[in-house]
Amino acid sequence: MSNIAFDGFRRLFLKGAIAVVIGLGGMPAFAQDKPEFIRIGSTAPGHLKFVLAQKDGWWEKEFAKDGIKVELVTFNGGSEATTALATGAIEFTYTGNNPALRVAASGADVKLIGLSSYVRSGGSYIVVKSDSPLKTLQDLKGKKVAYLTGTVRHSNFSKALNSVGLTTGDVEGLNLPFGASGPALLRGDIDALVETDSTAAKLVDTGEARVLFDTSTHPEWNVPNVISVNGAFAAKYPDLVKRLLKVDIEISRWADAHPDETIKTFVEATKSSEKSVRKTYADGVFHQDPRLTDDAIEALKGEEKFMAGAGLLKGSIDYGKWIDKSFVDAAGAEVAAVQ
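All figures in this text were calculated on a predicted structure; none of them were measured in a lab.

S.K.: Just give me the short version of the sheet that holds strand E8 (residues 172–174), but keep the residues and values in it.
M.R.: Spatial ordering of the open sheet is given by E8-E7-E9-E6-E10, a layout of five strands whose pairing is mixed. Strand pairing shows two members of the sheet lacking a second neighbour, E8 and strand E10 (209–214), which therefore form its edges. Neighbour to neighbour, the strand axes of the sheet diverge by 30° on average, direction disregarded. Relative to strand E9 (residues 192–196), helix H7 (residues 178–187) is tilted by about 145°, and along the sheet it contacts strand E6 (124–129), strand E7 (144–146), E9 and E10.

S.K.: If you had to explain the pattern of salt bridges to someone new, which residues and values would you point to?
M.R.: Taken as a whole and assessed by the stated rule, the structure comprises 22 salt bridges. Between glutamate 274 and arginine 278 there is a salt bridge; the shortest N-O distance is 3.0 Å. With a gap of four residues between them, glutamate 274 and arginine 278 both fall in helix H12 (residues 274–280), about one helical turn apart. Residues joined in a network through salt bridges with shared partners are Glu62, Lys65, Asp66, Asp239, Lys242, Arg243, Lys246, Glu250 and Glu334.

S.K.: Just give me the short version of the side chain of serine 273, but keep the residues and values in it.
M.R.: Within the secondary structure, serine 273 sits in the loop between helix H11 (259–270) and H12. Residue classification places serine 273 among the buried residues on the basis of a relative accessible area of 6%. Each residue touching serine 273, except ones within four places of it in the same chain, is listed here: Ser198, Ala201, Lys202 and Asp205.

Rules used throughout
Residues numbered from 1 in each chain as written. Predicted model: local features only at pLDDT ≥ 70, side-chain atom pairs only at ≥ 80, totals over all residues. Heavy atoms only, no water. Pairing = 2+ DSSP bridges. Helix = DSSP H or I, 4+ residues; strand = E, 2+ residues; numbered from the N terminus. Axes fitted to C-alpha atoms, helices over the stretch in contact; angles between N-to-C directions. Contact = heavy atoms within 4.5 Å. Salt bridge = Lys/Arg side-chain N within 4 Å of Asp/Glu carboxyl O. Buried < 20%, exposed > 50% of the residue type's maximum accessible area, 1.4 Å probe, protein only.

Next up, the structure:
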């Protein structure tokens with residue numbers, strides 16, 4: 001299996017652009033009963049099922065039967081991943097809900113085909129240096145706060161500020177990944193950062209930082225992360241989409257049956273705090289079932305409404321066109337039939 005970091009995105013984007021030109025008639029298209037590659041993207045270092053598949057070659061083994069190569073591509077953020085998906089540079093993405101909602105609202109030909117996860121206990125940490133004078137969310141007004149824009153952390157931060165009558169416009173936001181924001185916080189260049197709990201806990205566990213606010217105290221803010229497919233690929237290769245989701249279901253069930261090994265693999269791959277990961281996945285239950293349940297869809301609709309009101313999304317989503325349950329339903333039936 002080929003694993004590609006973000007540096008490979010330009011090459012993939014060029015492939016996608018060429019594909020668009022072909023589709024518009026700029027070059028001759030040739031009939032093909034199967035693709036040479038299936039490229040699956042995620043935000044680095046990857047969502048749980050993506051990480052497990054990367055370690056043990058789950059998708060590689062499935063599609064090797066057809067001579068199809070699998071490439072797993074990691075991106076710096078969900079917006080980069082969904083842009084690659086929309087252009088056809090990759091075929092599938094495992095991303096947070098916010099970038100998926102934005103690309104759907106843009107009118108791009110993408111389909112929501114399953115859930116990457118729906119963890120109710122996880123969340124984002126807003127952290128400050130351990131000796132910071134900041135004590136409350138209100139204290140962040142006018143301060144420098146780092147977070148990746150357009151991510152679930154951005155949305156969670158906005159919700160936290162709104163709960164005390166503030167908005168992101170009341171702080172000086174810096175669009176930084178943790179690799180830059182963590183050192184900046186410790187140097188005193190910024191006042192706070194917003195990250196996933198398991199990532200930010202790396203600073204908290206060492207005593208260098210403390211949690212100012214934990215969004216998991218508001219489980220109603222949690223929204224599922226999602227699996228998306230390029231619409232043209234899904235129309236051309238529906239059986240391959242179903243098979244990817246069949247493997248996804250198998251991975252999710254394997255994780256629940258092997259909790260300690262799953263946590264070990266995830267912690268090693270993501271360099272997350274094991275204590276925080278075990279807190280998120282309490283009792284070794286990982287909430288990775290990809291089925292598109294009614295409550296998950298309602299949560300996504302609620303998040304779209306929040307994002308629009310907070311200025312985090314432009315346009316609106318046609319859920320009838322965006323959501324396609326047929327693939328995951330067929331995959332679930334196939335898995336059940338062999339048990």
